[in-house]
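Per-entry structural report
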Amino acid sequence: MDQNINNVPQEQYDEIDIMEYVRKFVKEWKLVLKWCGIAAVVGVIAALSAVSTYTVTTKMSPESTKSGGGQLSSLASLAGINLGSMSAGADAISPDLYPEIVSSVPFLTDLFYMPVEAEYKGEKIQCNYYEYLKNCRKAPWYTYVTSLPGKALGAVFGIFQPKEEKEPKGFKKLGEVDNTKLTKAQEKVIEGMRKNISVATDKKTFVITLNVTDQDPDIAMKLSETIIENLRNFITSYRTEKSRKDLEYYEQLYEEAQADYFDAQQRYARYVDMNQGMVRQSVMTEQQRLQNEMQLKYNLYNSCAQQVQMAKAQVQRETPVCTVLTPATTPLKDNESGAKTLAIFIFLGFCLSAVWVLWGRDWLAKLKELKEE
């Protein structure tokens, strides 16, 4: 009986506390509404100030890195060539490393030269991607205000630092970029590119997802296609590097063997023409020697030709195939939603006003009392 009596008041106190909060909140509904109105105005300003951006998503599936012989090994054995000695081992560049490749400085600087059509001061111009990022991208008006303190501090500290050559403003023909010594403008552009380009790898399916964001939907689509193409070329160049070097070596041997065989063939033909009708043993012996030499040169020439064909097949076999599952398409809707931004600001205003009405005002009053004591 005592336990029930003790429990009832506690539940009643909890209900009274909740009702007290509700009454306090309802009593200050005008203040809450005022805060929500102010937040709505700020949300509208933020929505109107935002610069529209577009995101292109592309998904691709790289070829498995497992190497196998198959029919190519059988063909090689018929030609008397051991393909096992030519086969490559495990691939050192797995799909997990693709994000690191795309974000690397050499890969990003290659994108500088991509030709684009951009809008500059109300006109359509032809330029490269670096010039577009440096001169044509728009920024919200409030960024100029927020950047003033940083510029002021930079100007003050710049007085005590040695002066550096500044890259002139406007369009300037982009020369060869030194990846080991970038300018400040180039570093700033690369930093922005890394924010707008993201690559993710699904560790289970190894599906590569590429997201490219830009203020121009056409440039975003073209950039996505260029990144996929450059990534393919990079992986292909890496995987086939040894095979291509082997092919160059076999082609060099083939050309030398061909020249030696043709030379031996001509020497044998000239000797036979000069000694027609001769029956001396010395003539027959020299003719037999030249014929044997020509046959040896031919065997070497034929073997090198087979090696060249198998090296070409090896290069083709090691060339990776990347299947694009979701091709790049021009986005029709931008990432910024005015209604969404407005709703977020109103919700934040509602939450802040509720915290102030329920707890913040009482906490501030108690703090003032403590200071007076």
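This write-up is about the structure you can find in this document. (Residues numbered from 1 in each chain as written. Predicted model: local features only at pLDDT ≥ 70, side-chain atom pairs only at ≥ 80, totals over all residues. Heavy atoms only, no water.)

1. Some remarks on a negative patch on the surface
- There is a patch of like negative charges on the surface, built from E248, E251, E255, E256 and D260.
- Relative to the helices and strands, E256 resides in helix 11 (residues 241-274).
- Take E256: its relative accessible area is 42%, and that puts it in the partly exposed class. (Patch = residues over 30% accessible without salt bridge, like charges linked within 9 Å, V, L, I, M, F, W, Y side chains within 5 Å. Areas by Shrake-Rupley, 256 points an atom, 1.4 Å probe, with all protein chains shown as cover. Salt bridge = Lys/Arg side-chain N within 4 Å of Asp/Glu carboxyl O. Lys, Arg positive; Asp, Glu negative; His and termini not counted. Charge placed at Lys NZ, Arg CZ, Asp CG, Glu CD. Helix = DSSP H or I, 4+ residues; strand = E, 2+ residues; numbered from the N terminus. Buried < 20%, exposed > 50% of the residue type's maximum accessible area, 1.4 Å probe, protein only.)

2. Digging into the sheet that holds strand 5 (residues 208-214)
- Strand order across the open sheet formed by four strands is 4-5-1-6, with antiparallel pairing between neighbours. Each edge of the open sheet is held by one strand with a lone partner, namely strand 4 (197-201) and strand 6 (323-326). Averaged over all pairs of adjacent strands, the angle between their axes in this sheet comes to 25°, without regard to strand direction.
- Inspection of the sheet shows strand 4 paired to strand 5 by five bridges, in the antiparallel sense. When the sheet's bridge partners are listed, T201 is paired in strand 5 with I208. (Pairing = 2+ DSSP bridges. Axes fitted to C-alpha atoms, helices over the stretch in contact; angles between N-to-C directions.)

3. Looking at the pairing of strand 2 (residues 115-120)
- Bridge analysis of strand 2 against strand 3 (residues 123-128) gives six bridges, and the strand direction is antiparallel. Paired with V116 across the strands is C127, a residue of strand 3.

4. Details of helix 11
- Between the first and last C-alpha of helix 11 there are 50 Å, a value that for 34 residues agrees with the 50 Å anticipated at 1.5 Å per step.
- All of the buried residues in helix 11 are S243, L247, Y250, A257, Y261, A264, Y268 and Y271.
- Those residues of helix 11 that are buried are in contact with helix 12 (281-318). (Expected span 1.5 Å × (residues − 1). Contact = heavy atoms within 4.5 Å.)

5. Quick notes on the pattern of salt bridges
- Counted by the stated rule, this structure contains nine salt bridges.
- Between R289 and E286 there is a salt bridge, with the nearest N and O atoms lying 2.5 Å from each other. Here the residue R289 and the residue E286 both occupy positions in helix 12, the gap between them amounting to three residues, near one helical turn.
- A residue is classified by how much of its surface remains accessible, and R289, at 43% relative accessible area, is partly exposed.
- The salt bridge involving R289 is made with E293; its shortest N-O contact spans 3.5 Å. Here R289 pairs with E293, and both are found in helix 12, just four residues apart, close to one helical turn.
- Assessed through its relative accessible area of 23%, E293 is described here as partly exposed.
- What you see here is one network of salt bridges that share partners, running through D263, R267, E286, R289 and E293.

6. Topic: the packing of helix 11 against helix 12
- Taken N-terminus to C-terminus, the directions of helix 11 and helix 12 make an angle of 160°; their axes are 8 Å apart at the nearest point. The angle between helix 11 and helix 12 places the two elements in the roughly antiparallel class. Note on packing geometry: the crossing formed by helix 11 with helix 12 is left-handed.
- Along the lines of polarity and charge, the residues of the contact of helix 11 with helix 12 split into 21 nonpolar, eight polar and nine charged. (Parallel < 35°, antiparallel > 145°, perpendicular 65-115°, else oblique. Left-handed = near helix turned anticlockwise from the far one by under 90°. Nonpolar A, V, L, I, M, F, W, Y, C, P; charged D, E, K, R; others polar.)

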